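Coordinates in review
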Amino acid sequence: MKRLIGNLKGDKGIWSFVALLALFSFMPVLSASSNLAYIGHGTGNTLGYLVKHLAHIGCGVFIVYYIHKVPYHYFRSISKWLLPVVWLVLAITMIKGTVIGGANASRWIQIPLVGISFQPSAFAALVLFVFVARYLSKTRENPIDFVESLKELWLPVFITLIFILPSNFSTTALIFSMILMLAFIGRYPMKYLAIIIGTGILFLGFFILISKAFPDAKFFNRVATWESRIESFSTNKPDEDDYQIEKAKIAIASGKIYGLGPGKSVQKNFLPQSSSDFIYAIIVEEYGLIGGLGVLSLYLLLLFRFVIASHKANTLFGKLVVIGLGFPMIFQAMINMAVAVELLPVTGQTLPLISSGGTSIWMTCIALGIIIGVTKKEEEITQELKEAAKREEALQKLIDRELEEEFVLEEDYSIQDKAVNPMQAVLNK
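Conventions we followed
- Residues numbered from 1 in each chain as written.
- Predicted model: local features only at pLDDT ≥ 70, side-chain atom pairs only at ≥ 80, totals over all residues.
- Heavy atoms only, no water.
- Salt bridge = Lys/Arg side-chain N within 4 Å of Asp/Glu carboxyl O.
- Helix = DSSP H or I, 4+ residues; strand = E, 2+ residues; numbered from the N terminus.
- Buried < 20%, exposed > 50% of the residue type's maximum accessible area, 1.4 Å probe, protein only.
- Patch = residues over 30% accessible without salt bridge, like charges linked within 9 Å, V, L, I, M, F, W, Y side chains within 5 Å.
- Areas by Shrake-Rupley, 256 points an atom, 1.4 Å probe, with all protein chains shown as cover.
- Lys, Arg positive; Asp, Glu negative; His and termini not counted.
- Charge placed at Lys NZ, Arg CZ, Asp CG, Glu CD.
- pLDDT = per-residue confidence, 0-100.
- Contact = heavy atoms within 4.5 Å.
- Phe/Tyr/Trp six-rings, centres within 6.5 Å; stacked < 30°, edge-to-face > 60°.
- Lys NZ or Arg CZ within 6 Å of the ring centre and 35° of its normal.

1. Considering the pattern of salt bridges
Across all of its chains, the model carries four salt bridges by this definition. A salt bridge links Arg305 to Asp11, with the shortest nitrogen-to-oxygen separation between them at 2.6 Å. Note that Arg305 is positioned in helix α13 (residues 279-312) and Asp11 in the loop between α1 (2-6) and α2 (12-24), a separation of 294 residues in sequence. The burial state of Arg305 is the same as that of Asp11; both residues are buried. Among the ionic pairs, Lys249 bridges to Glu246, the shortest N-O distance being 3.6 Å. One end of the pair is Lys249 and the other is Glu246, both in helix α12 (residues 240-255) and three residues apart, which spans about a single turn. Overall, Lys249 belongs to the partly exposed group, its relative accessible area being 30%.

2. Side note on the environment of Ile250
Along the polypeptide, Ile250 turns up in helix α12. Overall, Ile250 belongs to the partly exposed group, its relative accessible area being 36%. Each C-alpha atom, one on Ile250 and one on Glu285, is 8.5 Å from the other, the two residues being 35 residues apart in sequence.

3. A closer look at a negative patch on the surface
Together, Asp400, Glu402, Glu404 and Glu405 make up a region of like negative charge exposed at the surface. The topology assignment puts Glu404 in helix α15 (residues 358-413). With a relative accessible area of 55%, Glu404 lands in the exposed category.

4. With respect to the confidence of the model for the protein
Looking at the protein as a whole, its pLDDT mean stands at 82, while 81% of the residues score no less than 70. In the model of the protein, helix α16 (residues 424-428) stands out as the element of lowest mean pLDDT, 60, in contrast to α13, which has the highest, 94. In this model, residues 99-104 is a region of pLDDT below 50 whose contacts with residues beyond four sequence positions or in other chains number nine contacts.

5. Remarks on the packing of aromatic side chains
A full pass over the atoms with the stated rule returns eight aromatic pairs. Through a chain of ring-to-ring contacts, three or more aromatic side chains come together here, namely Phe146, Trp154, Tyr188 and Tyr192. Sitting over the ring of Trp81, Lys80 keeps its end group 5.8 Å from the ring centre.

This is how it looks when you write it as C-alpha cells:
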C-alpha cells in the first residue's frame, strides 16, 4: 500500500478528496439500492448492487492511475481526432438507443459483445472541453478572428450539442454553459460571446418550434418532458417529477440534524432513482444535515484544489484543461443537490463519484486523471528546478574548495626573502 501511495504523483489534496468521496459512496449506494433490488428480483438484497458499484469504483481508480501517468499535452491533439468518433457514436445512440431502467431510449447505447450500457454524452463532454481548451490556448498569442473561430471552434461545438440536445437538455445546457465560461476565462472577446449566446438561444427556440410542428417524431419526443418538468417546478401541478421531489423533501426533512442512521432510510423504498439522481436526499435522511453539509464541503474543497492546480499550471492549455474538466464536475454535483432540495427542476444529473452508474464514475475518473496529470507535470518541473539548484550549489561549493586549496598551496610554496641584499644568504654561509 505504501509503495502504491508513493507512486501517486500530482496534487495530494485532489487524491485525498476523491478517495474520501469514493469511500463514502459505498454506504449510500448499498442502502439506496434496495428499491432497485425489489424491482429487479423482488428480494431486496442489495449485495449485488454493492459489488457492481465496487467494480465501477475499482475500474475508476485504475483509470485515474493510468491516465495521470500520460503527459497531459498528448490529449491536446487527441481531442481533435476524437471529435468525429464522438459524432458517430452520438448519431448511432440517437438512432439505436437502449432503454435502461426506464431512462430515455436515445440516451444510452449498449456496447456489443460486452453488454455494458454506455452514455456517450458524458464522453463527448470530456472531449469537447479539451478541444475548446486546445483552441483557446492555440490562439492566445494572435487576435481571434470571429469568422475563423466559427469554423474551427463553434461549428464543432454546435454539431456535438445538436446530437446531445434531443435526448438530454440538461447535459446540453451544462456543457454549453461550461464552454462559455471556459471561453470567457480564455479571453475570447465578449462581443463575440454575446453573438454565440444569442445564436444558441435562437437555435433552441427553433428546435422547440419544429418539435411543436412534429410532436410525434422520435427526434423531438423529449421536448414534452422538458415542458412538464418546468411547469411542475413553477406551479403546483402534480406529476411524476413532483412525486420524486416530494419524496426527496420528505427524506431530507426526516434526516434532521444527525440523520436516522446508515441504512435506516425509509424513503429509499419509494423514491425512484434513489441510488443515482436522488442519492443526496438519501444521504441527508441517513446522515442528517451534518452528512449533507459534509458532502457539500468535500466538493467545495475539491473545487478549491482545482483552482490552485489551475493557478500553478505553467501553460495556458494546462490551466484551461483543469478549469474545463474540473469545474463541470463540481457544477454537476451542485445541480444534483439543488434538484434534491427543489431549487432546480428535475434534470437527471448524477452526484459525481457517489451515485451508482459506471458511465458517470468512469468519465469523472478520466477527467480527474487528466487534471492530476497537469498537477503532476508541475510537480516534476518544480522537482527539476530544485535538483538543478542543488547541482548548481554543489558545483559552486566544489569550485570554492578548489580555489581555497590553490590559495593555500601558493602561500606554502612562496619564497619570502626579507634580506636587503639578495646575496646575503651566500655571504653568511
